[in-house]
Every structure is written in C-alpha cells, then in structure tokens.
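Summary of the model geometry
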Amino acid sequence: MLLAVWSFLKRHKKKCFFLGAFLGGVYVLGKYGQKKMKEIQEREAAEYIAQARRQYHFESNQRTCNMTVLSMLPTLRDALMYQLNSESLTSLLKNKPSNKLEIWEDLKILSFTRSIVAVYSTCMLVVLLRVQLNIIGGYIYLDNAAVCKNGTILLAPPEVQQQYLSSIQHLLGDGLIELITVVKKAVQKIFGSMSLKHTLSLLDLDQKLREIRTVIEQPTEATKSEESGSQSLLCRYMMPDEENPLATQACGLTEKDIATIKLLNETRDMLESPDFNRVLSSCLNRGFSRLLDNMAEFFRPTEQDIGDSSSMNSLSSVSLPLAKIIPIINGQIHSVCSETPSHFVQDLLTMEQVKDFAANVYEAFSTPQQLEK
C-alpha cells in the first residue's frame, strides 16, 4: 500500500508539488483574508464609535448653545433698556409737562429703535454663539480624542476658551452702542417726520420696518469701498476690528494669546462668509416676522369692522394712530429678549438653517485635519 502511494507520488511529482503549493497558498490567503476582515471590522467599529461619540458631543454642545443664549438675554435686555431708557420718558408724560409733544416725538424714535435693535442683537447673539461654541466645541472634541491617545498639548485649554468666549462682550458693549446709533438714524429717517396722528396698518408697519432694514443693511457709497457686503456691515457689531488688543501686543504674546487670536481670526472668517450672511438674514427675516406677529393681536378688527367689510385683508383692515402704536412697539423688548423660551427666541433656536449651519461649523473644526493646521 505504501509502495503504491510512493510510486504514485513519484509519477505525479510535479502535479503534487503544484497542488501542495496551491493548497498552501489558499490557506495563507485565507488567514490573510481573515486578518484583513478583522482589521476592517475593528476599524469600522472604531469609526462608528467615534462618530457616535462626536454626534453625542455635538448634540450636547447645541444644548449648551441654547442655554447660553437664554442666560445672556437678560444682560442684553438690561443693556438695551439702559441705553434706550424709554421708561423715563413715559414717567415724564404722566406729569403732563408743557413740552409733551416733544417728549412724544423722542419716545417715538426711542421705542422703535429699542425694539428693532432688540431683534437685530438677539439674532446676532443666537448666530454668533452658534459659531463660537461650535468652533470651540470642535477643538474640545479633538483635545479629548488626542489626550486619550497620546496626551498631546491641548489646542484649546480652559484659559484660551475663557479668553476667546469673552469676545462676546463686544456685542453687548461697544458693538451694541454702535448698532443703536445706526438704527436710531434709520428710524429717524423713516419715522422722524411722521405725525403722531398718522394711522398705520400692520401691512404699513411691515413696509416701514423693511425700509429701516434696507437703510441699516445695505452698504452706502461711502462704505462700499471699505466693506465687502451687508454681512461685513453687520459683522462689526459682533466682533471688534482685527487690530484687537491682543494682536497689538505682538512682542509679549504668550502661546495662549496666539491660540486665542487664531480662534478669533477663524471666527471672523466665518462671520464674513456667505453662509453666515444667509443664516443671519434668515434669522432677521424670522425675527421681524415674529415681531409683527406679536403686535398683530393689537390690530384685531372689531365686530363693527368685520360688519363693514366682508372681504377684509387682516393685515390692512385695521389701522392705528402712531401714538397708539408707540407703547405697543415699546413693550416688545420683553418678548424679544425673554430668558424664558418665548416664541420669538424659540423660533430662532429651532430654525433648520441655524441647525445645519451649526453642524457644518462643528464638522469643520472637529476633524483630525485641524490638528495639522
């Protein structure tokens, strides 16, 4: 039996050799394939876990954004009421002064200015904080991932985060004062010569607000050479000029100062982008629409009005004297800058454009490529 097998192998030596080599190759390839399959599965599992972790961190970051906006609205409201103190004028009117008409004229400009600035500044606060907290959120995610791997130097240590996020104070300080000045001039231009007895419907009011927005947002011939568009005109209210205090101290800058300047420059680039301009414009459109919705309840037709006209346009059917509209517009700041989730703020926080933009910012700053920059 053994001799027969031996004889068979000798006669088919080459065939047996090739068969053995083939079977050995199949075995090796099988093992190699199993190893590669395991590596792919492990890599896919790691990518899935990393993606899930990043998604969880992003969603947590958006909740932080919402809470931060709500927590800062009382500060914004107080700053506006201090800078545009219409309450002092209404108190004077109660005493029936001799210059009553003059006070009413001042109150007219102040009331419209305050509510319009409230809409602008609240929209800016919502979108600016979305940018800042998603930029810093992306860096924090990378820092956490890097520390887990090799304990590298942090991209955004707590001191840098604090210094960077403190730049929001420009919007609540110098930027707000500049915005008030610009809006006040626009209100004066549109409403300054309008009599207190002049009647306006909700549709008329909408048109006047559009005219004011055009004056504020569209660059003039004087600014076209300096600004690149309406986004740049609004950008200066949210961030100081590039010649900021940190940048001017070039000789004494620490590594943390340099990291903060990098974050500020990245934020400025984002604020000057077309995407940011579109999102802010969408927020402003929604904000002014909600402002008119809030005022609409004061323009409801009476039963007599309804009886007088069967084909009535609700936006133009009821008109009120400007003197009656002033206290209505004056009180809107408490709805616009409400720390409790009002319809106004909730509308802005839940806008799809805002959510998508936030996701894009976070995605851009939470990828490993950021480590190489």
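Report follows, based on the coordinates. Treat the numbers as computed from the prediction; the structure is a model and nothing was measured.

**Here we look at the overall build of the chain**
When its secondary structure is counted, the chain shows 18 helices and two strands. For the chain, the residues scored as buried account for 41% of the 373 residues in total. Within the chain, contacts between residues at least 6 apart in sequence are counted, and of these 84% link residues at least 24 apart. Carbon together with sulfur atoms contributes 56% to the accessible area of the chain, which is approximately 21,100 Å² in total.

**Concerning helix H18 (residues 352-365)**
When the terminal C-alpha atoms of H18 are compared, their 20 Å separation across 14 residues agrees well with the 20 Å that a helix rising 1.5 Å per residue should span. Within H18, burial applies to Val354, Phe357, Ala358, Val361, Tyr362 and Phe365. The buried residues of H18 all sit within an arc of 135° when viewed along its axis, so they share a single face.

**Observations regarding the packing of aromatic side chains**
In this structure the tally under the stated criterion is four aromatic pairs. Relative to Phe288, the ring of Tyr120 lies with its centre 5.5 Å away and its plane at 75°, an arrangement referred to as edge-to-face. Pair noted here: Tyr120 is in helix H4 (residues 100-150) and Phe288 is in helix H13 (residues 274-296), with a separation of 168 residues, a long-range link. Here Phe288 falls in the buried class, since its relative accessible area comes to 5%. The interplanar angle of 50° and the centroid separation of 6.0 Å between the aromatic rings of Tyr139 and Phe365 together place this pair among those described as tilted. One end of the pair, Tyr139, is in helix H4; the other, Phe365, is in helix H18, with 226 residues separating them in the sequence. For the residue pair Tyr139 and Phe365, the accessibility class agrees, reading buried in each case.

**A look at the side chain of Asn61**
Of note, Asn61 is situated in helix H2 (residues 13-83). Of the polar contacts made by the side chain of Asn61, one reaches the side chain of Asn134; its length is 3.3 Å. When near neighbours in sequence (up to four residues on either side) are disregarded, Asn61 contacts Leu133, Asn134, Gly137 and Tyr362.

**Things to note about the pattern of salt bridges**
Inspection of every chain in the model, using the stated rule, returns 10 salt bridges. With a closest N to O distance of 4.0 Å, Glu211 and Lys208 form a salt bridge. Remark: Lys208 and Glu211 occur in helix H8 (residues 202-217); sequence separation between them is three residues, near one turn of the helix. The class of Glu211 is partly exposed, set by a relative accessible area of 27%. Among the salt bridges present, the one from Arg290 reaches Asp347, with a minimum N-O distance of 3.0 Å. Taken together, the residues span a long stretch of sequence, with Arg290 in helix H13 and Asp347 in helix H17 (residues 343-349) at a distance of 57 residues.

**Some remarks on the environment of Arg213**
Here Arg213 is to be found in helix H8. Residue class for Arg213 comes out buried when judged on its relative accessible area of 14%. Along the backbone, Arg213 and Val187 are 26 residues apart, and their C-alpha atoms lie at a distance of 9.5 Å. At 2.8 Å, the side chain of Arg213 and the side chain of Asn285 are in polar contact.

**Some points on the nonpolar core**
Leu80, Ile116, Tyr120, Met124, Phe191, Met238 and Leu280 are the most contacted members of the largest nonpolar core, which has 93 residues in total. Among the elements that line this core, the one with the most residues is H4, at 22 residues. Those residues within four positions of Ile116 in sequence are excluded, and the remaining contacts are Val183, Val187, Leu209, Ile212, Ile216 and Phe288.

**Focus: the packing of H8 against H13**
Where H8 contacts H13, the axes come no closer than 11 Å and their chain directions differ by 150°. Compared by their axis directions, H8 and H13 come out roughly antiparallel. Crossing angle aside, the handedness with which H8 passes H13 is right-handed. Taken together, the residues of H13 that come into contact with H8 (itself represented by Leu202, Leu205, Asp206, Leu209, Arg213 and Glu217) are Ser281, Leu284, Asn285, Phe288, Leu291, Leu292, Met295 and Ala296. Grouping the constituent residues of the contact of H8 with H13 by class yields nine nonpolar, two polar and three charged.

**Topic: the packing of H13 against H18**
Remark: H13 packs on H18, axes separated minimally by 9 Å, with the N-to-C direction vectors making an angle of 155°. With respect to each other, H13 and H18 are oriented roughly antiparallel. In the packing of H13 onto H18, the handedness of the crossing is left-handed. Here Asp275, Phe276, Val279, Ser282 and Cys283 of H13 come into contact with H18, specifically with Gln353, Val354 and Phe357. The residue inventory of the contact of H13 with H18, partitioned by class, reads five nonpolar, two polar and one charged.

Criteria and thresholds
- Residues numbered from 1 in each chain as written.
- Predicted model: local features only at pLDDT ≥ 70, side-chain atom pairs only at ≥ 80, totals over all residues.
- Heavy atoms only, no water.
- Helix = DSSP H or I, 4+ residues; strand = E, 2+ residues; numbered from the N terminus.
- Buried < 20%, exposed > 50% of the residue type's maximum accessible area, 1.4 Å probe, protein only.
- Contact = heavy atoms within 4.5 Å.
- Areas by Shrake-Rupley, 256 points an atom, 1.4 Å probe, with all protein chains shown as cover.
- Expected span 1.5 Å × (residues − 1).
- Arc of directions from axis to C-beta.
- Phe/Tyr/Trp six-rings, centres within 6.5 Å; stacked < 30°, edge-to-face > 60°.
- Polar contact = N/O pair within 3.5 Å; in protein donor to acceptor, adjacent residues only side chain to side chain.
- Salt bridge = Lys/Arg side-chain N within 4 Å of Asp/Glu carboxyl O.
- Core = buried A, V, L, I, M, F, W, Y, C linked by side-chain atoms within 4.5 Å.
- Axes fitted to C-alpha atoms, helices over the stretch in contact; angles between N-to-C directions.
- Parallel < 35°, antiparallel > 145°, perpendicular 65-115°, else oblique.
- Left-handed = near helix turned anticlockwise from the far one by under 90°.
- Nonpolar A, V, L, I, M, F, W, Y, C, P; charged D, E, K, R; others polar.

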